[in-house]
Amino acid sequence: MADKWLSDTRSSYDTDAPGYLEKVRGLLDGRPYLRASLALFAESVHGAGGGPVADVGCGPGYVTGHLHELGVDAFGIDLSPEMIALARRDHPGLRFEVGSMTDLDLADGSVAGVLAFWSVIHVPDHAVPGVFEQFRRVLRPGGPLLVGFHVGDGTEHTSEGYTGRPVDVDSHHRPPGRIAGWLRDAGFTIEAELVIGPDEDVPGAVVFARSHA
């Protein structure tokens with residue numbers, strides 16, 4: 001079944017939503033480079049004229065809420081209905097919808113920016129180009145994109161969630177150059193790459209890109 005990874009990811013996050021929420025609660029407070037990256041992304045959105053911004057794979061909405069505090073008209077999309085329920089509960093003034101990054105229910109050129117903050121890590125290699133094409137499709141010409149992900153070259157399988165309940169989800173670790181290559185193929189220009197914690201067991205990275213005008 002070609003989309004088994006989608007159903008597995010959805011059910012895993014539905015199962016583990018409360019545990020994941022506790023894991024990320026206050027996460028940005030201790031991550032200055034992540035906060036700086038989000039501030040720079042917000043500045044790029046404002047510089048491009050503002051407008052709605054899609055936080056794709058928003059989970060419980062903590063980054064959507066942070067962008068809102070930075071003056072960004074952010075809304076969240078996530079595969080997991082349970083995650084969306086938590087996001088709506090904790091951020092009642094913001095918009096959250098269930099959806100898949102493989103087939104975004106957004107009109108062409110309808111958003112001013114796209115954020116994918118450690119959400120493409122669950123997308124297998126064969127599906128990433130199509131996801132990035134979706135991002136390009138919904139972005140206005142010249143709109144900014146920020147992609148965050150685990151750095152490495154391999155796949156980690158998780159069978160037990162933060163709550164101790166069984167899950168079935170893969171996390172793909174990738175070098176920044178591979179992400180950048182897929183983005184270029186999808187019609188983006190790479191503006192910056194930042195590796196965070198390069199000496200850690202699993203570094204992170206953010207890539208700033210912009211759709212071709």
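Preceding this section is the structure that the text describes.
Bear in mind the structure is a predicted one, so any value in this text is a computation, not a measurement. (Residues numbered from 1 in each chain as written. Predicted model: local features only at pLDDT ≥ 70, side-chain atom pairs only at ≥ 80, totals over all residues. Heavy atoms only, no water.)

Another point: the overall build of the chain. Along the backbone of the chain there are six helices and nine strands. For 213 residues, the compact-globule estimate of 2.2 N^0.38 gives 17 Å, and the chain sits close to it at 16 Å. Here the C-alpha coordinates of the chain stretch approximately 45 × 40 × 35 Å along the principal axes. The buried share among the 213 residues of the chain stands at 51%. In the chain, 67% of the contacts between residues at least 6 apart in sequence involve partners at least 24 apart. Surface exposure of the chain reaches about 9700 Å², of which carbon and sulfur atoms provide 50%. Taken as two groups, the 17 positive and 30 negative side-chain charges of the chain have centres that lie 3 Å from each other. (Helix = DSSP H or I, 4+ residues; strand = E, 2+ residues; numbered from the N terminus. Rg over C-alpha atoms; globule rule 2.2 N^0.38 Å. Buried < 20%, exposed > 50% of the residue type's maximum accessible area, 1.4 Å probe, protein only. Contact = heavy atoms within 4.5 Å. Areas by Shrake-Rupley, 256 points an atom, 1.4 Å probe, with all protein chains shown as cover. Lys, Arg positive; Asp, Glu negative; His and termini not counted. Charge placed at Lys NZ, Arg CZ, Asp CG, Glu CD.)

The phi dihedral of W118 is positive, around 60°, even though this residue is not glycine. Following the sequence through the fold, W118 ends up in the loop between β4 (113-117) and α5 (128-138).

Shape descriptors only; they carry no functional weight alone.
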